[in-house]
Structure formats: structure tokens, C-alpha cells
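Now for the letters of each chain:
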Protein chains: 2
Amino acid sequence: MIAEIISVGDELLTGQVINSNGTWLAGELHKAGIDTRKITVVSDKAGEITGAMLEAESKSDLVIVTGGLGPTNDDNTRQAICDFLNTCLVENTCVLDNIRLLFEKRGMEVTETNRKQALIPKSCRVIQNQYGTAPGLMFERNNKLFFALPGVPFEFKPMVTNEIIPLLKKHIKNNFIVHKTILTHGIGESFLADKISDWEGELPSNIKLSYLSSPCIVRLRLSGKGKDQKHVKKDIDKLVKKLKMVIPDYVFGEDNDTMQSVVGELLKKREASVSVAESCTGGMISHLITSVGGASQYYTGGIIAYDNDIKINCLKVDRSLIKKHGAVSKHVAESMAIGVKKYMQTDYAIATTGIAGPEGGTPDKPVGLVWIAVAKNDNVVSKKYIFGNNRERNILIGSITALNMLRKEIMD
Amino acid sequence: MIAEIISVGDELLTGQVINSNGTWLAGELHKAGIDTRKITVVSDKAGEITGAMLEAESKSDLVIVTGGLGPTNDDNTRQAICDFLNTCLVENTCVLDNIRLLFEKRGMEVTETNRKQALIPKSCRVIQNQYGTAPGLMFERNNKLFFALPGVPFEFKPMVTNEIIPLLKKHIKNNFIVHKTILTHGIGESFLADKISDWEGELPSNIKLSYLSSPCIVRLRLSGKGKDQKHVKKDIDKLVKKLKMVIPDYVFGEDNDTMQSVVGELLKKREASVSVAESCTGGMISHLITSVGGASQYYTGGIIAYDNDIKINCLKVDRSLIKKHGAVSKHVAESMAIGVKKYMQTDYAIATTGIAGPEGGTPDKPVGLVWIAVAKNDNVVSKKYIFGNNRERNILIGSITALNMLRKEIMD
């Protein structure tokens, strides 16, 4: 079964909104063993939607349209389906009841605008929306399966997970794919490619390698196909084991791990706690750590010491140290880490001080310079990094790099 | 001039990586007055890339391919262009020199893998890459203009801004579009639509309205076309003025504003400072504030009091208050705000305490419950919110809502 995704919305073609639904849906289909041939973004115009559906129908078995089912005047997917199927809109009582129920829960009357959402193309089956007013739609034509789903992620995702995927799984038999992703930090894509070229050269033809780069992290994904699922899985496991021996210093996780989830797991295992003192990263390290559910088991708290007085008063950094070496220095980073560790009484502490940019750089201390320190027991280690010119990137890379330093110290 | 964007990469079709390049590029083209008809994501296979190029050529004037120009084996865009143009790859000395220069800067020898990137399709013009080794490519066929650009955002974006857009602007004359976006917070899309329906009904036919929803923010974008740019601009300004009178409580910014940039500007204007005490938002408020360049002018610092002991020791929240009302309560939120304001000696302070989830909810205090407090002068105000079940969303919405409360207090 080959799928095609059509995402609808002018806002997706003008740079205002990113097509995260399309990516997420392709991922869910992929996990279910369905390859996506193409993701197409088209405008709100009914004609464009119909055109894309015709094109997709000619090449794929499954077509999923997302967006354009809302209550406002720029939502034309229902009309496009009517044009495509040569049918008309009729009011669906089940959908209207669901809309009434949702409004009742919120203690409100159904508005005329929302009532319009109960009008659906005559020959479509309805998929109820548990979290909103726009129903999902389903129909078949020329032996191809079509879905139209609401674009609001909060409504769209549960509908895919709870309704569409189980439905599709019934259609698919003997079709599978095995994935394994290895996460690396601290080495660029082309250097990684050179380091693992011998290993890559020995990959069997049914197992494919992809390089996926994001700021300071490169993911290596192996995708294997074959008749015997267990056999492919075993082959991939062997390859992963070999790969880890080739680049042991860079691998930090697998599959859906993140640097913060890996660090969290390590701290939980050791029943250890951590605190954070952030200057240039401005709360990002704490945010990353606490984005993991259950972080309260190991994350005690943090101090964002943007102003030097906070470094001095809260973190007990010696004023003379700042005067002598500057706030962005090895000494201050180390003193911040020691200070927050003591203050919050944790087993580990991280500290950052640097120049995120775009302003504030000097020839001696350019934008992108970051000192990171990690304190543990009675010891503190620190390292100097020079990242780039982009504030957002410096904050993110600085934060991930700091978490990696903590990871290495925990494992040491 | 109508554009079509083709984004290349298996990783974009398997849910691993989101097509942010496509969205960003469409936005840049849009600003330059070029409409994007379609964004298509295709796999790494040379055949799929060629197929998409043929399809785009038949309907658009400008085709931009992104990705697949890297040094690794899954990068096939150069081969696809050769197939499309019926030509072959030749080593380009300018490109090779650029690669050598980049490697020299990093104190390294050119690797064989990277040398491959100097091989380009014979009839293409080269666009130098200032930040990486993969050059951009340009060619014409059947009076249509083609570009192929590297997929790494850090290399791709400057190439678009510095080379492609100026080049395209020369092609376009008498073609323009005027945009204005109004940002609202605190009201859902369909309610907003009802509230402004009279105003919307009076829009002239050359001015289009779009609703763009993101967590707890709805953007209203007006796009106007016409022969007289000044005239359209004036019409839009009038409409915006009227709109603001219809929904004064919800509008907080315009165009590229963010809640944090609006709050930052207000604080700068009043020469006031702010500090933050975060529990459930875990650093996100501080991160949002410090994501704005120059935040050190008004952001003093923050305390992330995840553990109750930090609330008591650092923020001087009375232990008995926590015992009596619980950590997630009006009293504790207010006490946290007062505590951090005093500790950091700022003019304003924000505090949050809540249950982000997925664990930790009770019938009395469900997941999604957040208390937000804002302290100013000798006063403190607080409000209770109940968001949803999603941790990530609760953290983000809680943070934006807290910043909005601060915004309203500053303007009061």
C-alpha cells in the first residue's frame, strides 16, 4: 500500500505555518508499514484540492487530505470532495449531535458558523471527532481509499491514532519494515560518513542507511525490509552493535531518545539529582530537562542568572572573579556550577555562561563563545566552546552540549 | 511568476524530519511577491526527483528543489538533474576551491567524500555556498527557471536571502502583495470568526483574510493585491484599525511580533525589569523571554523552583502555606511571585505553579491546572487556568498566558 498526503492551507504556502501534520502522519503510516510516496501542500482553493486528489489517485492506493474542514470561509475541502465525487452536501445528524455535545460541555449554544460543519458530502462515511467540531471523512473511488481529516493537530492526531491506523492495519498483511535509529553528538555529517564508510559499505541490499542532521545531533537510521521480520531485526541489531564499536565516543542514544531523556534515565538509575545555573542559555537547559515527564524525580531546580548581581548574590560567585576574568570565563562558569550545586543541594550541577548574540561580542570574546561547567562531588570540570553567529542556534546547541557534558560525567 | 517547491529526502516522508525549509522558502518568495502553487516532498530516489521536476515544469514558472546535494550516498539531486537535462557530471574548479577554502579554515584536508560535491551537472550555473561544501545550482529549460539548493538550513537560508531572492526580484516587475497580520490571544478560532463576521463581510474582493491558529494564539492575516501598492496599504491599515476596535481585548501584536517580543518592548519603554519564578513551566518562560536579543536590558533572572524546598528556601514561600493549600494554589503562586521579585529586586515578577502532566493529577487538582501570579509594586494578582492533558502544550500555553498576564499588568 502506497500513500500520498495532501495538506491544505494557504498559510502552509506563505511561510506562516509549517506542515507538521504531514510529517507526523507520514511517520505514523511508516510505523504501520505504509510508505508515503509524496506529501503535497496545496492552497485553500477547491480546484487545487480536487486537482491534487486526482493526481494522487492515479499513483497511490491511499490518499489522506488534511485541513480545510474548519468552520471559516477559507475552509473548502468539503466542497472539493463534492466536486471530486460529483455529489452535494447534506446535514449529518450524528455530526450535529457531536457538535451540540461539545458546546454543551463548554456551557455554550451551537453557533451558526459551527453548525455548518455538520454539512458533509453525501457519499462520505463520517469519522467522529472527539476533540473538536470538524468530523473526519472517508470514501472509496476506483479501488483507492480516501480520508479527509481536520487540520488542528490536537483533533487530527487522536483521529489518526485511534481510527485511521487501526482501520488501515486491517488492509495490510505481510508488509513490514524495521527501523533502528542511532543518535550521535559531537561530529558533523561528512566526518561521520568518512568514519563509518567501511561499515556502511558492508550493509546488505535490503537495509538502507539515512543521515538525519539537526543542530549538533546527527541521527543514523537503518531501515530494513524482508520476508522474515525477526531475521531483519536480528541483522539490524548486529549492524548497530558493530557501529557502536566504530564510533563509541559519539553515540548517546537510540530511536526516540533525546539528550534530555537519556540524561534523565541515567540520573534516575543512579538516584541522583541535578540543578542548573544558566546565563547565556537563559532557561533552555531547564526547559529541555523538564520537557520530559517525571523530571521532578531528578531535577531539583535552576537559577537563571542573567544579571551579574544574580550570579553574585544567588550563586555566590566572587565579585572579584567577574571583575578579573569577566562574566564569560572558565572561573565564573565553574563558580556558578559549584554555587548552584551547593544552594540546591544536588548531586550534579550544570552551569553556562557565554555570548548568545547577536550583540555583545568582542575580538577576545566573540558571539558564540560559551563556557560550560559541570560539578559533581567535590569536583568541577569545564570546557570552552565557540559555536556560531545565530542566537537561537547558540542557545540550543549550548544547552544540548551542556547536557552531553553532564551525561559523560555521570557515566564516568 | 508562480513558484513550485520540491523538497527532497526520505527522512521527510518517514516522519523523522519536518519540511521547515519548504515553509520558510515559500514565506520568502511570498514576501517578494511570488506565489507558491505547491510544495511537494519526494523521496531521495533520482526518478522521483526527476518526475516532480517534470510535473512542476508543466504548471509553474519557477521550480526550486531543496536537499539531496550533500556528500553522502543518499544524495541524488545532482544525478536527477543530469537525467532531467540529459547531461553528465563534471568537476567544477570554483566549487572545489571553495571546498578547499572551507576545510583550510577548519585546519583540515579535503576528504574524498567532500570532493565529490565539486561534481556538478554540465549545463548548470553554480551558486557558491558560503557556509558549506554543497553548491547551489541554477538552469533554465522551456523558459522555466530552476534552482537546486542544499538542504542544511544553515547553508540554504543565506543562499536564498543573498542570491536567489535578489536574482528573482530582477525578473518580477509590477507584481506585489501587501500583508498585515494581527495577533490575538485568549479566544478560539470559531469564536473569533463569529465576533468579527460583520467586519469580515465588508472586506473588498482584493483583500483576503486567513485564520492561522497555533497554541493559544490566533493570527489574522490580511493579504491585499492591487495595481497601486500605496492604495492597498492604506485600505489594509484602515481595516486593521477597525478590527482592533472590534476585538480590543484580544489583540496583542502585529506581523512578526511574539508575545515575548511585545512584553520586551513594553518593559524597555518603561525602563522596567522582570524576574520569573517557575514551577510547572520549568524554564520555558525564561527561555521565551531570553530568546529575544537584548533581553538582558529588562530580564534580570529566574528561579526554577521544581522542588518544594527550593520554593521555601529560595523564594521564601512559607512551608505552612504549602502544607495548608498545596504547592499548586493561589497562595503559593502569589508568594512565589512576591518572593522572586524581592530576591531579584525587579519591578515585575511572574510565577507559575501547576500540574503539567501526564502524571500528578487528582480529582481536585487535575492535569492542566495552572496558577499564574504577577507581582508589581506592592501588589500581586493571580489567576487559575485549566488547560489540557498534553504536557508540552500545557508548558507552552501556560508560559504564553503568563506573559500575557504580565503584558496586561504593565499596560494597566
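This is a predicted model, so every value here is computed, not measured.

(A) Local environment of the sheet that holds strand 13 (residues 274–278) of chain B. In spatial order, the strands read 17(A)-16(A)-15(A)-13(A)-14(A)-14(B)-13(B)-15(B)-16(B)-17(B); together these 10 strands make up an open sheet with mixed pairing. The open sheet terminates on both sides in strands that have one partner only, identified here as strand 17 (379–386) of chain A together with strand 17 (379–386) of chain B. The mean angle between the axes of side-by-side strands here comes to 10°, regardless of whether they run parallel or antiparallel. Pairing of strand 16 (residues 369–376) of chain A with strand 17 of chain A involves eight bridges; the strand directions are antiparallel. In the sheet register, A:A375 faces strand 17 of chain A, and the bridge partner there is A:V380.

(B) Quick look at the interface of chain B and chain A. Listed by partner, the interface residues are 83 residues for chain B and 82 residues for chain A. Roughly 6400 Å² of surface becomes buried between chain B and chain A when both sides are summed, with 56% attributable to carbon and sulfur atoms. A salt bridge links A:K208 to B:D10; the nearest nitrogen and oxygen atoms lie 2.5 Å apart. Summed over the shared surface of chain B and chain A, the number is 29 residue pairs in polar contact (both at pLDDT 80 or more). Looking at the side of chain B that touches chain A residue by residue, the classes come out as 31 nonpolar, 33 polar and 19 charged.

(C) Examining the relation of the copies chain B and chain A more closely. For the match of chain B to chain A, the screw axis carries a shift of 0.0 Å, the RMSD comes to 0.1 Å, and the turn is 180°. Look at the turn and shift together and you get a two-fold axis relating the two. A shared binding surface is used by both copies, with 99% of the interface residues of chain B retained as interface residues in chain A.

(D) Looking closely at helix 1 (residues 20–31) of chain A. Residues and elements named next belong to chain A. Between its terminal C-alpha atoms helix 1 stretches 17 Å, which fits the 16 Å expected from 12 residues at 1.5 Å a residue. When you tally the buried positions in helix 1, you get nine out of 12 residues, the bulk of the element. All of the buried residues in helix 1 are N21, G22, T23, L25, A26, G27, E28, L29 and H30. Buried residues along helix 1 sit against strand 1 (2–8), strand 2 (35–42), strand 3 (62–66), helix 6 (153–171) and strand 9 (178–185). Looking one or two places after helix 1, you find G33, whose phi comes out positive at around 90°.

(E) Local environment of the layout of surface pockets. In this structure, the second largest pocket occupies an estimated 580 Å³ of space. Along its surface, the second largest pocket is lined by 28 residues, and A:D10, A:K45, B:D35, B:K208 and B:K225 are the ones closest to its centre. Among the elements that make up the lining of the second largest pocket, the one with the highest residue count is strand 10 (residues 207–214) of chain B (five residues).

(F) Broad picture of the packing of helix 2 (residues 46–59) of chain B against helix 3 (residues 77–85) of chain B. All names here are of chain B. As a packed pair, helix 2 and helix 3 sit with axes 8 Å apart at the nearest point and diverge in direction by 55°. Between helix 2 and helix 3, the crossing angle belongs to the class labelled oblique. Crossing hand, helix 2 versus helix 3: right-handed. Contacts between helix 2 and helix 3 pair A46, I49, T50, M53, L54 and E57 from the former with T77, A80, I81, D83 and F84 from the latter. Residues that form the contact of helix 2 with helix 3 fall into these classes: seven nonpolar, two polar and two charged.

(G) Fine view of the sheet that holds strand 10 of chain B. Residues and elements named next belong to chain B. An order of 10-11-9-12 is seen for the four strands of this open sheet, with the pairing classed as antiparallel. If you trace the sheet from one side to the other, it starts and ends with strand 10 and strand 12 (251–254), each paired once. Averaged over all pairs of adjacent strands, the angle between their axes in this sheet comes to 25°, without regard to strand direction. The strands touched by helix 9 (residues 229–246) are strand 9 (178–185), strand 10, strand 11 (217–224) and strand 12; relative to strand 9, the strand with the most contacts, the crossing angle is about 15°. Running at roughly 90° to strand 9, helix 15 (residues 391–411) makes contact with strand 9, strand 11 and strand 12 of the sheet.

(H) The arrangement of the packing of aromatic side chains in detail. Scanning the entire structure with this criterion turns up 16 aromatic pairs over all chains. The interplanar angle of 65° and the centroid separation of 5.7 Å between the aromatic rings of A:W24 and A:F156 together place this pair among those described as edge-to-face. Note that A:W24 is positioned in helix 1 and A:F156 in helix 6, a separation of 132 residues in sequence. For A:F156, a relative accessible area of 0% translates into the label buried. Relative to B:F103, the ring of A:F191 lies with its centre 6.1 Å away and its plane at 35°, an arrangement referred to as tilted.

(I) Just the environment of A:I289, in detail. Residues and elements named next belong to chain A. Checked against the element boundaries, I289 lands in helix 11 (residues 284–290). Once the C-alpha coordinates of I289 and M259 are considered, the two residues, 30 residues apart in sequence, prove to be 9.0 Å apart. In this structure, I289 is in contact with Q260, V274, V276, A295, Y298, Y299 and L403, ignoring residues within four places of it in sequence.

(J) Up close: the nonpolar core. Counting residues in hydrophobic clusters, the biggest one holds 73 residues, and the most contacted among them are A:I289, A:I350 and B:I350. Counting residues per element, this core draws most heavily on helix 15 of chain B, which supplies eight residues. B:I350 has contacts with B:V274, B:S275, B:V276, B:A277, B:I285, B:V340, B:I372, B:A373, B:V374, B:A402, B:L403 and B:L406, leaving out every residue within four places of it along the chain. Judged by nonpolar contacts, the second largest core, of 51 residues, contains A:V332, B:I310, B:V328 and B:A349.

(K) Focus on the side chain of A:E334. Residue and element names in this part refer to chain A. Assignment of secondary structure puts E334 in helix 14 (residues 330–344). Take E334: its relative accessible area is 17%, and that puts it in the buried class. Among the polar contacts listed, one links the side chain of E334 to the side chain of S382, at a separation of 2.6 Å. Residues within four places of E334 in sequence aside, it is in contact with A373, V380, V381 and S382.

Definitions and cut-offs
Residues numbered from 1 in each chain as written. Chains lettered and ligands numbered in written order. Predicted model: local features only at pLDDT ≥ 70, side-chain atom pairs only at ≥ 80, totals over all residues. Heavy atoms only, no water. Pairing = 2+ DSSP bridges. Helix = DSSP H or I, 4+ residues; strand = E, 2+ residues; numbered from the N terminus. Axes fitted to C-alpha atoms, helices over the stretch in contact; angles between N-to-C directions. Contact = heavy atoms within 4.5 Å. Buried area = accessible area lost by both parts, 1.4 Å probe. Salt bridge = Lys/Arg side-chain N within 4 Å of Asp/Glu carboxyl O. Polar contact = N/O pair within 3.5 Å; in protein donor to acceptor, adjacent residues only side chain to side chain. Nonpolar A, V, L, I, M, F, W, Y, C, P; charged D, E, K, R; others polar. Least-squares fit on C-alpha atoms with pLDDT ≥ 70 in both. Expected span 1.5 Å × (residues − 1). Buried < 20%, exposed > 50% of the residue type's maximum accessible area, 1.4 Å probe, protein only. 1 Å grid on protein atoms, 1.4 Å probe; cavity = no way out; pocket = protein on both sides within 12 Å on 5 of 7 lines; lining within 4 Å. Points joined across faces, edges and corners; volume = space filled by probe spheres on them. Parallel < 35°, antiparallel > 145°, perpendicular 65-115°, else oblique. Left-handed = near helix turned anticlockwise from the far one by under 90°. Phe/Tyr/Trp six-rings, centres within 6.5 Å; stacked < 30°, edge-to-face > 60°. Core = buried A, V, L, I, M, F, W, Y, C linked by side-chain atoms within 4.5 Å.

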